[in-house]
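# Structural overview for review
Here's the letter readout for the chains.
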Amino acid sequence: FSFLLLCVSSGINAEYGGRQGGILLSATLQVNSTLRDLNIADTDQNNESLIALTTVLHNNTSLKKLDVSNPLISSEQEETTVHFATMLKVNYGLVELHICKHGIKDFGASQLSDSLNDNKSLLFLNLGCNNIGEDGAKAIARLLSRNTPLKKLSLTSNRIGNNGIVAISEAIATNNCNLNTLMINNNGITEAGLCALAAALRLNITLTNIYLWGNELQSRACSAFERLMEGNKPRILAHNTDIEPYKVDGVTYLAEAGHYLFSH
C-alpha cells in the first residue's frame, strides 16, 4: 500500500503515492489554498491522476512548485503533456515545474512552448530526461525569443543536438534578457553547437549559469569556454558551471567540475 503524506503549509513538500493518492490529492487541491510545494515524483502517478491534477490546476493559484517527474505513462501519444500545456495557458500561480522522465517528444515540447508564450508566472521549467529533439528545441527557442519571464530551463539528457542548441543560442544572443540558467547536459551536442552557444554568451549578459558536461567537448569548444572563464572579469564564473578548463602540453581540455543545481 502506497505511503501517503500531505503537508499543507507554505514551503513544505507534499508527497502522494499511487493513482488513488493522486486522485485524492487533486480533490484536495480543489479546496486547499495553503499548499505551496508539491512533490509527487517517483510515486507511480498515471495518466488518469496526472490529468486530474492538471484539471484542478486550471483554477488553483496557491501552488507554486510542482514536481511530477517519472510517472507511469501508459501511452506514447503525449496526452498528459498536452494537458499540462493546456493548464499552463491559464494557470498564473506556478513558479516552478518539473516534468522529467515524462516521455516528452518534439510535439509535447512544442505544445508546452506555445502555451508558455503568454504565461507570466513560471520561472523554472525542468524538462530533463525526456526525448526532446531538434524540432522541440527550435520550439523552445521561439519561446525564449519572446523574452518570457522564464529564468531557469533544464533540457538535461534529451537529444537536441547541434541544430537545437544553435536555435536556442540565436534566441538568447539578442532576444532574451531574462533567462539566467541553462542546463543542456547529455544532448549529443558537438563542437559546432557548443561554439555557437559560446558566441551567444558573449552577446547575452544575463545568462550566468551554464551546465553542459556530457556533450562532445572537442578542441574549439574547449577553447571557446576557456575564454569565457578566464581573466579578472570572466563571463562565466567557475561556481556557475559544471566544467573546468585545464591544459596539457598547451592544449585546452574541459574537466567535469561537479557543480550542480540538482539531478534527476
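Refer to the structure above for everything that follows.
Our subject in this report is the structure included herewith. (Residues numbered from 1 in each chain as written. Predicted model: local features only at pLDDT ≥ 70, side-chain atom pairs only at ≥ 80, totals over all residues. Heavy atoms only, no water.)

Counting residues in each nonpolar core, the largest one holds 64 residues, and the members touching the most others are Leu66, Ile168, Leu182, Leu197 and Phe225. Mapped by element, the contributors of at least two residues to this core are α1 (18-29), α2 (47-56), α3 (79-90), α4 (106-115), α5 (134-145), α6 (161-174), α7 (191-203) and α8 (219-229). The residues touching leucine 182, leaving out its near neighbours within four places in the chain, are Leu153, Ile165, Ile168, Leu197, Leu207, Asn209, Ile210 and Tyr211. (Core = buried A, V, L, I, M, F, W, Y, C linked by side-chain atoms within 4.5 Å. Buried < 20%, exposed > 50% of the residue type's maximum accessible area, 1.4 Å probe, protein only. Helix = DSSP H or I, 4+ residues; strand = E, 2+ residues; numbered from the N terminus. Contact = heavy atoms within 4.5 Å.)

A separate point is α4. Counting buried residues in α4 gives seven out of 10 residues, a clear majority hidden from the surface. Of all the residues in α4, the buried ones are Asp106, Gly108, Ala109, Ser110, Leu112, Ser113 and Ser115.

Within the open sheet, the seven strands sit side by side as β1-β2-β3-β4-β5-β6-β7. Their pairing is parallel. Looking along the sheet, the strands with just one partner apiece sit at the ends: β1 (37-39) and β7 (209-211). Neighbour-to-neighbour, the strand axes of the sheet open up by a mean angle of 0°, direction not taken into account. In this sheet, strand β3 (residues 96-98) lies alongside strand β2 (residues 65-67) in parallel orientation, the contact comprising three bridges. Across the sheet, the residue bridging to aspartate 67 is histidine 98, located in β3. (Pairing = 2+ DSSP bridges. Axes fitted to C-alpha atoms, helices over the stretch in contact; angles between N-to-C directions.)

A few words now on the pairing of strand β8 (residues 243-248). In the sheet, β8 pairs with strand β9 (residues 251-256) via six bridges, with the strands oriented antiparallel. From the neighbouring strand, valine 248 faces β9, where its bridge partner is valine 251. The turn linking β8 back onto β9 is made up of two residues, and aspartate 249 within it adopts a positive phi angle of 55°.

The final tally for this structure, using the stated rule, is one aromatic pair. Between tyrosine 246 and tyrosine 253 the ring centres are 5.6 Å apart and the planes differ by 25°, which places this aromatic pair in the stacked class. Residue tyrosine 246 is classed as partly exposed on the basis of its relative accessible area of 39%. On the basis of relative accessible area, tyrosine 253 is assigned to the partly exposed category, the value being 36%. (Phe/Tyr/Trp six-rings, centres within 6.5 Å; stacked < 30°, edge-to-face > 60°.)

What follows concerns unusual backbone geometry. A positive phi angle, near 55°, is found at asparagine 147, a position not held by glycine. Looking at the secondary structure, you find asparagine 147 in the loop between α5 and β5 (152-154). The backbone phi angle of serine 157 is positive, close to 55°, even though this residue is not glycine. For serine 157, the location among the structural elements is in the loop between β5 and α6. What makes serine 157 partly exposed here is its relative accessible area of 26%.

Attention now moves to the side chain of histidine 98. As for its position among the elements, histidine 98 is in strand β3. A polar atom in the side chain of histidine 98 sits 3.0 Å from the side chain of asparagine 126. (Polar contact = N/O pair within 3.5 Å; in protein donor to acceptor, adjacent residues only side chain to side chain.)

The next thing to look at is the pattern of salt bridges. Close approach of charged atoms lets side chains of opposite charge pair. In this structure the tally under the stated criterion is five salt bridges. Linking lysine 138 and glutamate 134 is a salt bridge whose minimum nitrogen-to-oxygen distance equals 3.0 Å. Here glutamate 134 and lysine 138 lie together in helix α5, a separation of four residues that amounts to about one turn. Residue class for glutamate 134 comes out partly exposed when judged on its relative accessible area of 29%. A salt bridge links lysine 247 to glutamate 226; its shortest N-O distance comes to 3.4 Å. (Salt bridge = Lys/Arg side-chain N within 4 Å of Asp/Glu carboxyl O.)

Bringing the packing of α4 against α5 into the picture now. Where α4 meets α5, the axes come as close as 7 Å, and the angle between the chain directions of the two elements is 10°. Taken together, the axes of α4 and α5 lie roughly parallel to each other. Of the residues in α5, those in contact with Asp106, Ala109, Ser110 and Ser113 of α4 are Glu134, Asp135, Gly136, Ala139, Ile140 and Leu143. For the contact of α4 with α5, the per-class residue count stands at four nonpolar, three polar and three charged. (Parallel < 35°, antiparallel > 145°, perpendicular 65-115°, else oblique. Nonpolar A, V, L, I, M, F, W, Y, C, P; charged D, E, K, R; others polar.)

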